[in-house]
Amino acid sequence: MTDVRAEVAALLARFDLETVDPVEFLGARFDAGLAWVHFPVGRGGLDRPRDEQQVVEQLLAEAGAPAPDLGRNSIGIGMAAPTLIAFGTPEQQDRYLRPLFTCEEIWCQLFSEPGAGSDLAGVATKAVLDGDTWIVNGQKVWTSGAQNAQRAILVARTDPTVVKHAGLSYFVVDMADPGVDVRPLRQITGEAEFNEVFLNDVRVPDADRVGAVGAGWRVATTTLNNERVAIGSGAEREAGQIGIVTERWRNDPSVRSSAEHDRLMSWWVETEVTRLAGERLRQQLAVGQPGPESSAMKLAFAQQAQQISGFALELDPDAGLQYDDWTMVRTVSASFLGRGPGFRYLRAKGNSIEGGTSEIMRNVVSERVLGLPADHRPDKGVPFNEVPR
Amino acid sequence: MTDVRAEVAALLARFDLETVDPVEFLGARFDAGLAWVHFPVGRGGLDRPRDEQQVVEQLLAEAGAPAPDLGRNSIGIGMAAPTLIAFGTPEQQDRYLRPLFTCEEIWCQLFSEPGAGSDLAGVATKAVLDGDTWIVNGQKVWTSGAQNAQRAILVARTDPTVVKHAGLSYFVVDMADPGVDVRPLRQITGEAEFNEVFLNDVRVPDADRVGAVGAGWRVATTTLNNERVAIGSGAEREAGQIGIVTERWRNDPSVRSSAEHDRLMSWWVETEVTRLAGERLRQQLAVGQPGPESSAMKLAFAQQAQQISGFALELDPDAGLQYDDWTMVRTVSASFLGRGPGFRYLRAKGNSIEGGTSEIMRNVVSERVLGLPADHRPDKGVPFNEVPR
Amino acid sequence: MTDLLYSDVEESLRSSVRGALGRVTDSARVAALYDDPDADTSAVWSAVAGDLGLAGLLVPGEWGGVGAGAREVAVVLEELGRTVAPVPFLESAVIATTALLELESDVVASLADGGQRGVLVLPWSARAGAWTATEGGAVTPVAGALGADLFLVPTLVGGTVQLVLHESATVDPITSLDMSRPLAAVTPTGEGRVLAKGDAAVAAVDAALAAGAALLASEQVGLAQWCLETTVEYAKTRVQFARPIGSFQAIKHRLADLYLEVAQAQAAARYAADTLATGDADAPVAQAVAQSYCSDVAVHAAEEALQLHGGIGMTWEHAIHLYLKRAKSDQLALGTPAAHRADLAGLVDLPQH
Amino acid sequence: MTDLLYSDVEESLRSSVRGALGRVTDSARVAALYDDPDADTSAVWSAVAGDLGLAGLLVPGEWGGVGAGAREVAVVLEELGRTVAPVPFLESAVIATTALLELESDVVASLADGGQRGVLVLPWSARAGAWTATEGGAVTPVAGALGADLFLVPTLVGGTVQLVLHESATVDPITSLDMSRPLAAVTPTGEGRVLAKGDAAVAAVDAALAAGAALLASEQVGLAQWCLETTVEYAKTRVQFARPIGSFQAIKHRLADLYLEVAQAQAAARYAADTLATGDADAPVAQAVAQSYCSDVAVHAAEEALQLHGGIGMTWEHAIHLYLKRAKSDQLALGTPAAHRADLAGLVDLPQH
């Protein structure tokens, strides 16, 4: 039986971490099966239990080894990789996993559309088979990192004559295709953290289809389940927006007021109980009781981030009236806390929309946790192209 | 042209208000057409514009004349009378209006049922025609004053084979019928302010049907539109629950705390803006712009009554832990403020249920004020007896 | 991080308590107390304290107790909250017991077997650091005094606080918002025996009130869970406009929000119980958080339960009012939410000015 | 009771203002200010102040004004709020104008025809009774200073407040959360002319800030109405899950609640405008109520608009962000809601301690 500790030691012994090229090291790590120990041997893994990965990560971090850039390639590593392992062909796995892990190839995700926001399966982007190539046309939105990505995972409609969930297929797209047009999507903060991606006769070989034709929803669900909702904002007390406010309150008596004090303490308590509930959920997951309860945590996190960041502006009105910079810049990864109070307030508005709106989270909790009946869905059982829009 | 002022003066001149028997005076007032000046001559009115009634009320009140007991007979005077004028036969009007106005006959309302709460038209009480008599069976609930009433207005189902709104008819019921069984309905306050009324083979002559067979919903709607929602709690600042709290706060420094102060002021502001909005709505109604906006006022009133009465208990915990009296008593009219803090807290819970729940009020505002689409109603167009229950 | 889950032993304890309570009490018996405050509830005490031996959960074996801890007590209180059980468990087996344990007084043995009931004679709104010892005269309103045998009376003698044990007192019942936890005005009689003086007495009372606050949170969680579960079930079955009301999205979303609140309350209560059990330095923070949060959640859960049941929720015949009255009383008991937030501010260095 | 409705004259004024604004500004032109703060907005000022003569609404005829009152100004501000119009009307035609009127200074004539713009040089968060006169140096952040001609500077000279009129100042732009109401750091230059000293100066400044607060509420109402109406329309047309999202009950109920808030804000703002117009003794209460309530309603309306629009609401291309930024800035302007509630407590005798 393989001992992952020994494997890590052996890997580390081969390199001088002071001078090693990160790509070379990550390639070697992949080849040693230490990228995802629960993946098969030869595909970045060692067929070991999933929880041993934590041991690997910890040992490598302690040694100061180069790590994959999750900020740039979270879609590739966090979402595409597990999907490819679950549904990809051997050829797809051989071709894509290694450069994905070394970050030689950055991935992005082409799921959301202007017309399919909360209604994820309402995708209208079409893929039509022409010989052994799919011709893709449509518009995607909220694509982070598209400007830097070499590959994309795509959900497109391959059969509009069946009900919406049944007519989707899942593809790997080469972002260098001339039909791919990436445009920055500016947000209310002034930044463009996301993109719109226009697909005009983009050509995708059938060999880059992941899963069966028509099985795209099931494949995409695997991807989305791996879009792990960060439960709460971490295990530390006073993490996130509340920490910024409490630090200010402690260090600057001028912002204190008795009228706001009970409100401050109420938010302190709210964030603390969410932290505790998140910790409790993690403990439950660790003993094997996973579930849709994390949707409720996301709900709490969004509410608190929004309300507390707004409250922060009220505590110091003269600062709140100002803004750091409206210059349009394209950013690679999300920053919630890194800029000024106005930015934090505006950016937090996205917390209740991205990754599933708070309304959808409440639907999930009420139906999947509490077992309440589904609301009326007029498109149930109706072919996609017969649903009124 | 009749001058109502002169009519009032003439009426007053005929009686010594110190000694007059109220029933005699009210009968004379009815006969003089001063009960409801906008009703027809001979039926308590003078065919005058409705707003002249205010003049009459004011003059009579200034003179100290006996007035009908609205506490006991609000259903009769406020709801049954206008419905009888709109839909009743001449015989019904002749028979019922005068003793109703003099309060010799007290009325109650048999609309609500255990299975038809918010779904007002879901009435299951059946009326079956036997010769020229309807035989009524069913159960009604939330009937105030039933123990003292001589008459009732009743909505019952006369045709279960058509859609729910179309199968109802409207009747006047003699509460002395041996099939009428009135039982007190105790509320969470300990009091029984309402009754359940069981109808077992109650006999109603067809002559006491109001409106056509099957037109009961339309007739009942007239009745309910006359159940004028009191807009807010009156025109005075600090009226209602907030006034009790502010009086306490001013007079008893021991209940003051800086942690609660901003909450107190927030409720003060909330009640004040509701008062102003209610006043604004009254001004709009006076210039002829009525509408369903009063549903929003009812919503605000209920929220405030509930939250502030709960807040009051927190201000003085040792008093809040106690209660004045749990003894079951039957009361004739609602008291919201007359007893202790615990009673006020519990009784206020009904404010968001009685007269249409807050959920129904929000439906009304969203559909009838904002014009948003109706929710899905599976019983639309389905005969009552084919709707799954 | 502390363990916020329930152990198998704790779940097994829960199931014993739930079974026992199911045999000796129900909402009709609780409701009867409003019309007849003297109705016999001794079977509940016997079942919980006697048969199951739970009065001694916190008490070490050498004093006849079980030697368990606050985590197990919390599970018992969740079940008592779920049933609005008319039993002075929190008052005697937690608060009075903690005061005696803090003083290492062997009097605790007489409480441990449930044979006697103890009560800390302070207004039920008192909290650690915010109470006043009596200088004589009636203390009011006191919970757990009716039927108590041992009265622990914080008494001011010559400017010093003493904790005095009385074996008799005049106990005048007070009509209470929550008749399942009846209140009384208590005037101790007889000489009494001084158990502690000065700082030791104050510390014992504060520890007792802190334990009470920490564990009241679990009673509130049990109560809130009952309200949530009962309302979810009702929403699935109550049909209006030809649909179960639980299919209306506004109702669903409110119940989802309530679920979140209850889940958070549960985590907060578990944390308070665990830090109390282990003597963790964070226990005071955990208590203030749990009391300020769980109090409001329980009230909100009961209020939502009533509203979403509609008219039937306003009636005496439905059990919800018993939960609403307990929830509102619990919110006022052992410190209001705002008072606990003010305490918390001091603990986490967030001064008002 | 005061008249809380709109007169025919007021509705006619509204319709002129709406028409004029429609010709000179739109959300794209407002959004452009975030990338180019120097973009020319003079057409908006010309249309409102010049063509329609609204800069002189509050000013009596003898000083070249219209001699109307606060009720009419409130209607103008509702329309400016509806369009997030980039125009210093509140700053010059209300606040600076009121200060000059209070002092019966004929300088007001130069503001009345819109030919010059005035600004009260105080931080934009100042409110009546809560501001500090400068002892020299920059005052920041000041609204309405960019492009202003007359600077009314509360100045502390030898312990006494003076209101000093400067005709020049160094005005350094500040990047603002709301670029449609750009802020600046202002350092008056030149000698200046003393308009008033001591109590008279303080009273003029307080009156100006009070009028600003009273009428800002109407701007907030107009803004909130736009948010509500725009979101209702969107909810009727945006289809998800094969239904307009406005048919989902949770959305409907939130919009119903928002309608209630906006209706109440409107009544509060009307009352503040009317009591200001008539010099009613209740005006200070009306102002504190209107500012504390309407501020939060405008923010809530903009936040709900963004959320219910979903992703599109987070984009620069949709107008909502302009309203959110204005609403949040307005909430902080001229006193926060909590500050106005604290003022109110003093007015209605509800002391904190």
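Residues numbered from 1 in each chain as written. Chains lettered and ligands numbered in written order. Predicted model: local features only at pLDDT ≥ 70, side-chain atom pairs only at ≥ 80, totals over all residues. Heavy atoms only, no water.

A. Highlighting the relation of the copies chain A and chain B. After a rotation of 180 degrees and a shift along the axis of 0.0 Å, chain A superposes on chain B with an RMSD of 0.1 Å. The operation mapping one copy onto its partner corresponds to a two-fold rotation axis. A shared binding surface is used by both copies, with 100% of the interface residues of chain A retained as interface residues in chain B. (Least-squares fit on C-alpha atoms with pLDDT ≥ 70 in both. Contact = heavy atoms within 4.5 Å.)

B. Representation of the UniProt feature "domain: Acyl-CoA dehydrogenase/oxidase C-terminal" (unreviewed entry) in chain C in the model. Under the feature "domain: Acyl-CoA dehydrogenase/oxidase C-terminal" (unreviewed entry), the UniProt entry names residues 206-345 of chain C. As a span, residues 206-345 of chain C carries 79% helix and 3% strand, and end to end its C-alpha atoms are 18 Å apart. (UniProt positions renumbered as here; feature names shortened; annotations may be inferred. Helix = DSSP H or I, 4+ residues; strand = E, 2+ residues; numbered from the N terminus.)

C. Expanded view of the pairing of strand 5 (residues 168-174) of chain B. All names here are of chain B. Of all seven residues that make up strand 5, six are buried, and the element is covered over most of its length. Sheet topology places strand 5 next to strand 8 (residues 209-210); two bridges connect them, and they run antiparallel. Of the residues in strand 8, the one forming a bridge with Phe-171 is Arg-209. (Buried < 20%, exposed > 50% of the residue type's maximum accessible area, 1.4 Å probe, protein only. Pairing = 2+ DSSP bridges.)

D. Region of interest: the interface of chain D and chain A. Every contact between the two is made by 47 residues of chain D and, on the other side, 50 residues of chain A. Overall, the association of chain D and chain A removes approximately 3800 Å² of surface from exposure, summing both partners, and the carbon and sulfur fraction of that is 61%. Connecting chain D to chain A are five salt bridges. The partner of Glu-359 of chain A in a salt bridge is Arg-254 of chain D, with the nearest N and O atoms 2.6 Å apart. Inspection of the region where chain D meets chain A yields 23 residue pairs in polar contact (both at pLDDT 80 or more). Elements represented by at least two residues in the side of chain D that touches chain A include exactly helix 2 (27-35), strand 2 (139-143), strand 8 (239-240), helix 8 (249-278), helix 9 (283-309), helix 10 (320-332) and helix 11 (337-347) of chain D. Here the side of chain D that touches chain A is composed, by residue class, of 23 nonpolar, 15 polar and nine charged. (Buried area = accessible area lost by both parts, 1.4 Å probe. Salt bridge = Lys/Arg side-chain N within 4 Å of Asp/Glu carboxyl O. Polar contact = N/O pair within 3.5 Å; in protein donor to acceptor, adjacent residues only side chain to side chain. Nonpolar A, V, L, I, M, F, W, Y, C, P; charged D, E, K, R; others polar.)

E. Inspection of the packing of helix 8 (residues 258-286) of chain B against helix 9 (residues 294-315) of chain B at higher detail. Residues and elements named next belong to chain B. Here helix 8 crosses helix 9 at 155 degrees, and the two axes come no closer than 10 Å. By the angle between their axes, helix 8 is roughly antiparallel relative to helix 9. Helix 9 is crossed by helix 8, and the crossing has left-handed handedness. Residues Glu-260, Arg-263, Leu-264, Trp-267, Glu-270, Thr-271, Thr-274, Ala-277, Gly-278 and Leu-281 of helix 8 form the contact with helix 9, whose participating residues are Ser-294, Met-297, Ala-300, Gln-304, Gln-307, Ile-308, Phe-311, Glu-314 and Leu-315. (Axes fitted to C-alpha atoms, helices over the stretch in contact; angles between N-to-C directions. Parallel < 35°, antiparallel > 145°, perpendicular 65-115°, else oblique. Left-handed = near helix turned anticlockwise from the far one by under 90°.)

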